[in-house]
Amino acid sequence: MILLLQYTLIFASVLSLVALGGCFSEHSGVINLGLEGIMVIGALGGALSLKALTGAAPVMIVIVTILAAALFGMVYSTLLGVASIHFKADQTLVGTAMNILATAAATVIVKAINMAENPDNVSSTIQYVNSKKAFIVRFGKFEFNWFMLLAFLALVFAYIILYKTRFGLRLMACGENPQAADSVGINVYEMRWAGVLISGVLGGVGGIVYITAGVSEWKFETGVAGFGFLALAVMIFGQWKPVNIGLAALLFGFFRALSNVYSGFSWLAALKIPGSIYNMMPYVISLIVLAFTSANSRAPKAEGIPYDKGSR
Amino acid sequence: MNKEKESIFKNAGVQSIIAAIFCIIVGLFIGFLVLLAINPAGAGSSIVTIVKNFLNYPTKPAQLKYLGNTLVKTAPLLMCALSINFCYKVGLFNIGAAGQYVVGAGACLYAALAWKLPWIVCLLLAVAAGALWGTIVGFLKAYANVNEVISGIMLNWIGLYLVNMLLANVKEQASPYTLQLSSTNSSAILPTAGLDKLFSNNKYVTIAIPIAILIAILLQVILTMTKFGYELRATGFNKDAAKYAGMNEKRNIILTLVIGGALAGMGAALLYLTGYEQWATTQSSVPAMGFNGIAATFLGGLNPIGTIFSSYFIQHITSGGSYLDKSIYPSQISELISAIIIYLCGFVLFFKYVMNRRIAAGQEKKIRAAKAAEKGGEDK
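Residues numbered from 1 in each chain as written. Chains lettered and ligands numbered in written order. Predicted model: local features only at pLDDT ≥ 70, side-chain atom pairs only at ≥ 80, totals over all residues. Heavy atoms only, no water.

Before going further, it helps to spend a moment on the overall build of chain B. Looking only at helices and strands, chain B features 16 helices and zero strands. Seen along its three principal axes, the alpha-carbon backbone of chain B occupies a region of about 95 × 60 × 40 Å. The proportion of buried residues among the 380 residues of chain B is 52%. Pairs at least 24 residues apart make up 75% of the contacts formed inside chain B by residues separated by at least 6 positions. When the accessible surface of chain B is totalled, it reaches about 16,800 Å², and 64% of it is carbon and sulfur. (Helix = DSSP H or I, 4+ residues; strand = E, 2+ residues; numbered from the N terminus. Buried < 20%, exposed > 50% of the residue type's maximum accessible area, 1.4 Å probe, protein only. Contact = heavy atoms within 4.5 Å. Areas by Shrake-Rupley, 256 points an atom, 1.4 Å probe, with all protein chains shown as cover.)

Below, the structure written as structure tokens:
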């Protein structure tokens, strides 16, 4: 039971961080399908720092890893920014390209690093058993992870920034009607860059949270198993509002956690449902949920449309 | 007034080809830089190895045989690319093609290995399975307004787990791979119609390739010369205008995704029914074929005929990657290059814009020079 709660919170943290990233980007008008790729690259950055900092002070590990993941994610998101804001590329295509590129690039980089250390090691795995412990604080049997706090704070800050600050309101204006925003002097390009870079930071941190959730090494060939897209589903279900995103993340996180811990519940194990069904459940649930809630879905009006100063 | 000769560069087709070649060159160059970063010594020869692919073999029969292997994998890639191409013309991004491919593979392999059906039935079952998967995406999009990218991705993963579960029933004892078609049910293998002799008796070369090419041509005909194709393209340009003109856009969306799914499912059959590969029932990620189809379709300028060539090219460098010295360079380099090429294809619109602007500027210059010369003559 405790394990289920733990896993739910951790997966919900990942989903909320990444979904918030998507939220910022889409509120500014740029569809960010490359979140999966940003997660992978952020995870790469975080994993590399975890590996490099083995044995350092826990506080150092926590701060540096988060910063590394955020930085890697932010730098990778500039690919989306450049293509969609300056070159008016099709944002869906660029996002998909970034996903494929990230997995390939991460695998190449990790393999190269592994091979440089030890010519026989041709795997795409990074291990960080000891460093990972820096993130965990035990309350009795419950392993509280600093990332959970981070995700919660991110939700709170996102709400405040988007709805209570000038910056946030202007950001949202650029996604609803950029021409109107431009007419009052807001620099749409700058705002959209801000949205994309923030999504890069959040996506990158989400990535490192995902790969450290419950496991001590990660094989980069597998990417992040569609979690970036689950986060997008959370964002759409949450109607681009931070509070709803948090709740939706808990729901989806619960189902994802179930696939890890179902064997611990004797009544569930007795049902003899194959493991694949549990793996499928988050995706099936999200499809069903989206089918019922997308009818009145209110996406930011101008998202996906490259901003053209000359048009009305 | 002299009619200015239309610059050949203004032709949309030519622009697409130039843009595609540019993307390829830049993609290969960046791949070369990555190889340099990993190990400078072998970088130059490695990038050449990737580009040469089957030409790496010394004798002609060997070259032909491996060219055959590349072609075997080009057929399913082409089908996936056509699926995405067709749907994109209607304004839909069928990223679910990967999942439709997966269920197609599951259907045809199960039918072949468990029910021992002949190849034509297996093929049709794969088409039906893919079409079904596409229908779900279509329905959700048309009636529930669910973004087809998200539903496509969800269905990709659902399909993967379902197929893994299903095919676990027909797999080998000691390995996670499905049974060999040749030993279990050879009637399910696609006929070669003599094509294998052209490629040094490569028994995997079948009618799959001509079928795929014929379908590409058929799609081009449908899109440009039939009323249905016209309606689809109109819906893609402006959904509301098409609806205003009386076209049933819900039906068109669903039909398009059904066809897209059918194409991807057929692509799976065209690969797995040759016996070239077995399905790994423990695979944890959706096969790359569906996603490489995206690269192929955009590189081909979103034109079915161009897609034939771009699919071949993408498969060529993907296969070329497997010849790299694995102890130095990971074979994922080819994936990296493909991904960079897709990314650059997003800039194609920008390239065309730049090309058009330069041509227009050049033409303006000529007109101004001619006018100045005229005026100058008159004044004097």
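So that's the structure; there's more coming.
Next up on the list: the overall build of chain A. Secondary structure assignment for chain A yields 13 helices and four strands. Computed over C-alpha atoms, the radius of gyration of chain A comes to 20 Å, within 12% of the 20 Å expected from 2.2 N^0.38 for 312 residues, which places it in the range of a compact globule. Viewed in the frame of its principal axes, chain A has a C-alpha envelope of about 60 × 50 × 30 Å. Counting across all 312 residues of chain A, residues that qualify as buried make up 58%. Residue pairs at least 24 apart in sequence account for 78% of intrachain contacts in chain A once pairs closer than 6 positions are excluded. For chain A, the computed accessible surface area is about 12,500 Å², with 67% contributed by carbon and sulfur atoms. (Rg over C-alpha atoms; globule rule 2.2 N^0.38 Å.)

What follows covers the interface of chain A and chain B. Each partner contributes to the interface: chain A provides 46 residues, whereas chain B provides 41 residues. Taken together, the links from chain A to chain B amount to zero salt bridges. Our enumeration of links across chain A and chain B arrives at two residue pairs in polar contact (both at pLDDT 80 or more). Every element with two or more residues in the side of chain A that touches chain B is listed here: helix 3 (58-86), helix 4 (91-117), helix 10 (227-237) and helix 13 (275-293) of chain A. Per-element tally for the side of chain A that touches chain B: the top contributor is helix 4 of chain A, with 14 residues. Taken together, the residues that form the side of chain A that touches chain B break down as 33 nonpolar, nine polar and four charged. (Salt bridge = Lys/Arg side-chain N within 4 Å of Asp/Glu carboxyl O. Polar contact = N/O pair within 3.5 Å; in protein donor to acceptor, adjacent residues only side chain to side chain. Nonpolar A, V, L, I, M, F, W, Y, C, P; charged D, E, K, R; others polar.)

A few words now on the pattern of salt bridges. All names here are of chain B. A complete count under the given rule lists four salt bridges over all chains for this structure. When the shortest N-O distance is used, the salt bridge between Glu-277 and Lys-73 registers 2.9 Å. In this pair, Glu-277 sits in the loop between helix 12 (249-272) and helix 13 (289-299) while Lys-73 sits in helix 3 (residues 60-89), placing the two residues 204 residues apart along the sequence. In this structure, Glu-231 and Arg-251 form a salt bridge, with 3.3 Å as the shortest nitrogen-oxygen distance. In this pair, Glu-231 is assigned in helix 10 (residues 227-237) and Arg-251 in helix 12, connecting sequence segments 20 residues apart.

Here we come to unusual backbone geometry. Phi is positive for Gln239(A), close to 55°, though the residue is something other than glycine. Here Asn145(B), not a glycine, exhibits a phi torsion of approximately 60°, which is positive. Looking at the element boundaries, Asn145(B) is found in the loop between helix 5 (119-144) and helix 6 (148-167).

So, about the environment of Thr59(B). Here Thr59(B) shows up in the loop between helix 2 (40-52) and helix 3. Expressed as a C-alpha distance, the spacing of Thr59(B) and Phe22(B), which sit 37 residues apart in the sequence, is 32 Å.

Turning to the side chain of Thr103(A), a few remarks are in order. Along the polypeptide, Thr103(A) turns up in helix 4. When residues no more than four places from it in sequence are discounted, the contact partners of Thr103(A) are Val40(A), Phe220(A), Glu221(A) and Gly223(A).

Another point: the environment of Glu26(A). All names here are of chain A. In this fold, Glu-26 is placed in helix 1 (residues 2-27). Residue class for Glu-26 comes out buried when judged on its relative accessible area of 4%. In sequence terms Glu-26 and Ile-10 are 16 residues apart; their C-alpha atoms lie 24 Å from each other. In contact with Glu-26, other than residues within four places in its own chain, are Ile-31, Asn-32, Leu-232, Met-235, Trp-240, Pro-300 and Glu-303.

Attention now moves to helix 9 (residues 188-212) of chain A. Residues and elements named next belong to chain A. Compared with the 36 Å implied by 1.5 Å per residue over 25 residues, the 37 Å span of helix 9 between its first and last C-alpha is a close match. Across the 25 residues that make up helix 9, a large majority, 20, are buried. Looking at where helix 9 begins, the residue whose side-chain oxygen comes 3.1 Å from the main-chain nitrogen of Tyr-189 is Asn-187. (Expected span 1.5 Å × (residues − 1).)

Angle between the axes and distance between the axes are the two parameters that describe a pair of packed helices. All names here are of chain A. Helix 3 packs onto helix 2 (residues 35-52) with a crossing angle of 145° between their chain directions and a minimal axis gap of 7 Å. The handedness of the crossing between helix 2 and helix 3 comes out as right-handed. When helix 2 is examined against helix 3, the residues Gly-37, Ile-38, Ile-41, Gly-42, Gly-45, Gly-46, Ser-49 and Leu-50 are found in contact with a partner set consisting of Ile-61, Val-64, Thr-65, Ala-68, Ala-69, Phe-72, Gly-73, Tyr-76 and Ser-77. Within the contact of helix 2 with helix 3, the residues separate by chemical class into nine nonpolar, eight polar and no charged. (Axes fitted to C-alpha atoms, helices over the stretch in contact; angles between N-to-C directions. Left-handed = near helix turned anticlockwise from the far one by under 90°.)

Under the criterion given, the structure shown has 21 aromatic pairs over all chains. Plain terms: the ring middles of Tyr101(B) and Tyr272(B) are 6.4 Å apart, the flat faces sit at 55° to each other, and that makes the pair tilted. Here the residue Tyr101(B) occupies a position in helix 4 (residues 97-113), and Tyr272(B) occupies one in helix 12, the gap between them amounting to 171 residues. In this structure an aromatic cluster arises from ring pairing among Tyr7(A), Phe11(A), Tyr210(A) and Phe227(A). Against the face of Phe11(A) rests Arg256(A), its NZ or CZ located 4.6 Å from the ring centre. (Phe/Tyr/Trp six-rings, centres within 6.5 Å; stacked < 30°, edge-to-face > 60°. Lys NZ or Arg CZ within 6 Å of the ring centre and 35° of its normal.)

Turning our eyes to something else, we now look at the packing of helix 3 of chain B against helix 9 (residues 208-225) of chain B. All names here are of chain B. Where helix 3 meets helix 9, the closest approach of the two axes is 8 Å, and the angle between their N-to-C directions is 15°. Judged on the interaxial angle alone, helix 9 and helix 3 are roughly parallel. Here the hand of the crossing between helix 3 and helix 9 comes out left-handed. Residues Leu-71, Val-72, Ala-75, Leu-78, Met-79, Leu-82, Phe-86 and Lys-89 of helix 3 lie in contact with helix 9, whose contacting residues are Ala-208, Ile-209, Ala-212, Ile-213, Ile-215, Ala-216, Leu-219 and Leu-223. For the contact of helix 3 with helix 9, the residue count by class is 15 nonpolar, no polar and one charged. (Parallel < 35°, antiparallel > 145°, perpendicular 65-115°, else oblique.)

Here we come to the nonpolar core. Of all hydrophobic cores here, the largest spans 226 residues; its most connected members are Phe220(A) and Leu273(B). Those residues in contact with Phe220(A) that lie beyond four places of it in its chain are Val40(A), Ala43(A), Leu44(A), Ala47(A), Thr103(A), Ala106(A), Thr107(A), Val110(A), Ser124(A), Ile126(A) and Ile211(A). (Core = buried A, V, L, I, M, F, W, Y, C linked by side-chain atoms within 4.5 Å.)

Residues and elements named next belong to chain A. For helix 7 (residues 166-176), the set of buried residues is Gly-168, Leu-171, Met-172, Cys-174 and Gly-175. Buried residues of helix 7, viewed axially, fall in a sector of 150°; they line one side. On its buried side, helix 7 packs onto helix 1, helix 6 (146-164), helix 8 (178-183) and helix 9. (Arc of directions from axis to C-beta.)

This part covers a nonpolar patch on the surface. Residues and elements named next belong to chain A. Where nonpolar side chains cluster on the molecular surface, the patch consists of Trp-146, Leu-149, Phe-152, Leu-153, Val-156, Phe-157, Tyr-159, Ile-160, Val-243, Leu-247 and Leu-250 and spans about 990 Å² of accessible area. With eight residues, the single largest contributor to the nonpolar patch is helix 6. Relative to the elements of secondary structure, Leu-153 occurs in helix 6. Owing to a relative accessible area of 37%, Leu-153 belongs among the partly exposed residues under this scheme. (Patch = residues over 30% accessible without salt bridge, like charges linked within 9 Å, V, L, I, M, F, W, Y side chains within 5 Å.)

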